[in-house]
Amino acid sequence: TNRVREAELIPLVRQLQIIIGALIMGTFTFLVVAFVMRAGEDTQTPNDGIPLLTLVSFVMAAVAVAMHFVMPNIVATAALRQSKKVAASPGGAGQTKSAEDINVQRFGQAYMTQTIIAGALLEGAAFMALVAYLIEGNLLCVLLAVLLVMGIAARFPTTSKVAAWIEAKHRQ
């Protein structure tokens, strides 16, 4: 079996760490802004009932969480299938580099794409929850946003995590 050299993945992983870090920091910054804007205003507690935007944000979060498990894998599989066709075609990428180089590049890009999509889905739902908090003041929305950001953070890449994913995909 082919082993992925983790050193080859460092530039890709650094880029992805910056992107995922930016998703987290952007959402966290908006959370701080929302708290500052609502400072001194009444907030609703769970006992006050569930306002419409809070309900919408929870539904959106449920859909986003489900989609963040499904959609990235679909996109990565399609990207790998497409790049495999290009590499196999006459004059394709397979003519210029070794097969292993293409695999690392191709699989690494697919991993990056799926991770960005998953993070963006969760970030969008977190922003919706924070908008609902800004408008309605329901603290459940803040809790929801924090949980969604934790979901983004759980996808924070490491070279060993990316290498393991590439090796698993390469065996398929």
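In what follows, the accompanying structure is described. Everything numeric in this text was worked out from a predicted model, so none of it was measured.

For the rest of this paragraph, the subject is the nonpolar core. Counting residues in hydrophobic clusters, the biggest one holds 38 residues, and the most contacted among them are Leu9, Leu148, Val162, Trp165 and Ile166. Looking at this core, the elements that each hand over two or more residues are α1 (6-38), α2 (52-88), α3 (99-136), α4 (139-154) and α5 (159-171). Ranked by residue count, the leading element in this core is α3, at 12 residues. Residue contacts for leucine 148: discarding those within four places in its chain leaves Ala61, Val65, Leu122, Ala125 and Ala126.

The next subject is α4. With 16 residues, α4 ought to run about 22 Å at 1.5 Å a step, and its terminal C-alpha atoms sit 23 Å apart, in line with that. N-capping of α4 is provided by asparagine 138, with a side-chain oxygen placed 2.9 Å from the backbone N of leucine 140.

Running from amino to carboxyl end, α1 crosses α5 at an angle of 110 degrees, the nearest separation of the two axes being 9 Å. It follows from the interaxial angle that α1 and α5 lie roughly perpendicular. In this structure, α1 meets α5 at a crossing whose hand is right-handed. Along the contact surface, α1 presents Glu6, Leu9, Ile10, Leu12 and Val13, while α5 presents Thr159, Ser160, Val162, Ala163 and Ile166.

A separate point is the packing of aromatic side chains. For the structure on display, the rule yields 3 aromatic pairs. Here the aromatic rings of tyrosine 111 and tryptophan 165 are separated by 5.2 Å at their centres, their planes lie at 65 degrees, and the arrangement is edge-to-face. Here tyrosine 111, found in helix α3, pairs with tryptophan 165, found in helix α5; they are 54 residues apart in sequence, far enough to count as distant. Like tyrosine 111, the residue tryptophan 165 is buried in the burial classification. Positioned above the aromatic ring of tyrosine 133, the side-chain terminus of arginine 38 is 5.7 Å from the ring centre. A cation sits over an aromatic face here: arginine 106 above phenylalanine 107, 4.9 Å from the ring centre.

Calculation notes
- The residue numbers shown here count from 1 along each chain, following its written sequence.
- For this predicted model, a pLDDT threshold of at least 70 governs which residues receive local features, and a threshold of 80 or more governs which side-chain atom pairs are given and counted, while totals over whole chains, interfaces and linings are taken from all residues.
- Computation of side-chain values: all heavy atoms of the structure, hydrogens and water removed.
- Only buried Ala, Val, Leu, Ile, Met, Phe, Trp, Tyr and Cys residues count toward a nonpolar core, and they belong to the same one when joined by side-chain atoms within 4.5 Å.
- Burial classification: accessible surface area is computed with a 1.4 Å probe over protein chains only, and a residue below 20% of its type maximum counts as buried, one above 50% as exposed, and the rest as partly exposed.
- Secondary structure follows DSSP: runs of H or I at least 4 residues long count as helices, runs of E at least 2 residues long count as strands, and numbering of each begins at the N terminus.
- In what follows, a contact means two residues having at least one pair of non-hydrogen atoms within 4.5 Å.
- Expected span, for any helix, means 1.5 Å times one less than how many residues it has.
- We define a polar contact as two N or O atoms separated by no more than 3.5 Å, with the added condition that, inside protein, one atom must be a possible hydrogen donor and the other a possible acceptor, whereas residues neighbouring each other in sequence contribute only through side-chain atom pairs.
- Lines fitted to the C-alpha atoms define the axes, with helices restricted to the stretch that makes contact. Angles between their N-to-C directions range from 0 to 180 degrees.
- Any angle that is under 35 degrees is reported as roughly parallel, and any over 145 degrees as roughly antiparallel; angles of 65 to 115 degrees are reported as roughly perpendicular and all others as oblique.
- Note on convention: the crossing is left-handed when the near helix lies turned anticlockwise from the far helix by less than a right angle, right-handed when the turn is clockwise.
- We call Phe, Tyr and Trp rings a pair once their centres come within 6.5 Å, taking the six-membered ring for Trp, and we label the pair stacked below 30 degrees between planes, edge-to-face above 60, and tilted otherwise.
- We count a charge as sitting over a ring when the NZ of a lysine or the CZ of an arginine lies within 6 Å of the ring centre and within 35 degrees of the ring normal.

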